[in-house]
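Each chain, written out:
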Amino acid sequence: MEAPPVTAMPVTGGTINMMEYLLQGSVLDQALESLLHRLRGLCDNMEPETFTDHELVYLLKGQQGNPFILRARRSLSHPTSPWHLRYLGQPEVGDKSRHALVRNCVDVAASHSLPEFLNEMGFRMDHEFVANGHIFRKGAMKIVVSKLSRILVPGNTENTERLSLSYLVELSVLAPAGQDNMSEDMRSFAEQLKPLVHLEKIDPSKQRH
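What comes next is a walk through the structure. (Residues numbered from 1 in each chain as written. Predicted model: local features only at pLDDT ≥ 70, side-chain atom pairs only at ≥ 80, totals over all residues. Heavy atoms only, no water.)

1. Some points on the overall build of the protein chain
The helix and strand tally for the protein chain stands at 3 helices and 9 strands. Going from the N terminus to the C terminus, the protein chain shows its helices and strands as β-α-β-β-β-β-α-β-β-β-β-α. Within the protein chain, the fraction of its 209 residues that count as buried is 45%. Long-range contacts, defined as pairs at least 24 residues apart, comprise 71% of the intrachain contacts of the protein chain with a sequence gap of at least 6. When the accessible surface of the protein chain is totalled, it reaches about 10900 Å², and 52% of it is carbon and sulfur. (Helix = DSSP H or I, 4+ residues; strand = E, 2+ residues; numbered from the N terminus. Buried < 20%, exposed > 50% of the residue type's maximum accessible area, 1.4 Å probe, protein only. Contact = heavy atoms within 4.5 Å. Areas by Shrake-Rupley, 256 points an atom, 1.4 Å probe, with all protein chains shown as cover.)

Shown next, in the form of structure tokens:
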């Protein structure tokens, strides 16, 4: 099944309706410490925030076309924190000169009964995973380095298996529509991470879960 690219953005403050500018890449496990060292030197916070989150991806199939997809995420590190419900729109085709993928993003905090509510609304849980890693910040930019793990027994976040021998690296900015200068700032920052990691504007139509 085709689906929007997996994203491992951690549970943080909610945003109502913004545009997400995104670059993605990956780094092998053995290169992780070198990348973290480089990020400590470049970012505002020398010691990154850490997170461990559980994400469930829900589908609502219509009569025709692609299913409607919502993402429910909770923090395993802070179990009393609110859940977050996230909608990611289709990437804008727009200006080919943009250096980053641009898509609508709606992110709201929710109560712990969110999964039950989505089931009542007719959504079906398609898959779930655990993401854990580090968050760095540079001005408006957020850099997330995370390891993704599949859940072997549904609902049991203690029983997982790593998806790969690499870490997902995401550079993102949330901003109002029309702030295309953000993508130039992101490109400049991404250049400073080479050759450790190559962050790119990923075409989601070529990605599969």
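2. What about the pairing of strand 2 (residues 49-60)?
Note that strand 2 and strand 6 (residues 124-138) share 11 bridges and pair antiparallel. For Leu-56, the partnering residue across the bridge sits in strand 6 and is Glu-128. Where strand 2 meets strand 3 (residues 68-75), 8 bridges bridge the pair, whose relative direction is antiparallel. Counterpart to Val-57 in the pairing with strand 3 is Arg-71. (Pairing = 2+ DSSP bridges.)

3. A short note on the side chain of Ser-183
Counting through the fold element by element, Ser-183 comes out in helix 3 (residues 181-191). Ignoring any residue separated from it by four or fewer positions in sequence, one finds Ser-183 in contact with Arg-98, His-99 and Ala-100.

4. Side note on the environment of Val-108
Within the fold, Val-108 resides in strand 5 (residues 101-110). Placed 26 residues apart in sequence, Val-108 and Pro-82 show a C-alpha to C-alpha distance of 9.6 Å.

5. Observations concerning unusual backbone geometry
A cis amide bond, omega 0°, links Lys-194 with the succeeding residue Pro-195. One can find Pro-195 in the segment after helix 3.

6. Concerning the nonpolar core
Residues Tyr-21, Leu-39, Leu-171 and Phe-189 are the most contacted members of the largest nonpolar core, which totals 28 residues. Within the residue set of this core, elements represented by two or more residues are strand 1 (15-28), helix 1 (32-42), strand 7 (141-151), strand 9 (166-175) and helix 3. Those residues in contact with Leu-39 that lie beyond four places of it in its chain are Phe-136, Ile-143, Val-145, Phe-189 and Leu-193. (Core = buried A, V, L, I, M, F, W, Y, C linked by side-chain atoms within 4.5 Å.)

7. Overview of the packing of aromatic side chains
Per the counting criterion, the structure on display carries 2 aromatic pairs. With 5.3 Å between their ring centres and 15° between their planes, Phe-68 and Tyr-87 make a pair best called stacked. Of this pair, Phe-68 sits in strand 3 while Tyr-87 sits in strand 4 (residues 83-88), placing them 19 residues apart in sequence. Judged by its relative accessible area of 39%, Phe-68 falls in the partly exposed class. When the centroid spacing of 6.2 Å and the interplanar angle of 55° are considered together, the rings of Phe-68 and Phe-123 count as tilted. Of the two residues, Phe-68 is situated in strand 3 and Phe-123 in the loop between helix 2 (114-120) and strand 6; the sequence distance between them amounts to 55 residues. Following the ring pairs from residue to residue traces out a cluster consisting of Phe-68, Tyr-87 and Phe-123. (Phe/Tyr/Trp six-rings, centres within 6.5 Å; stacked < 30°, edge-to-face > 60°.)

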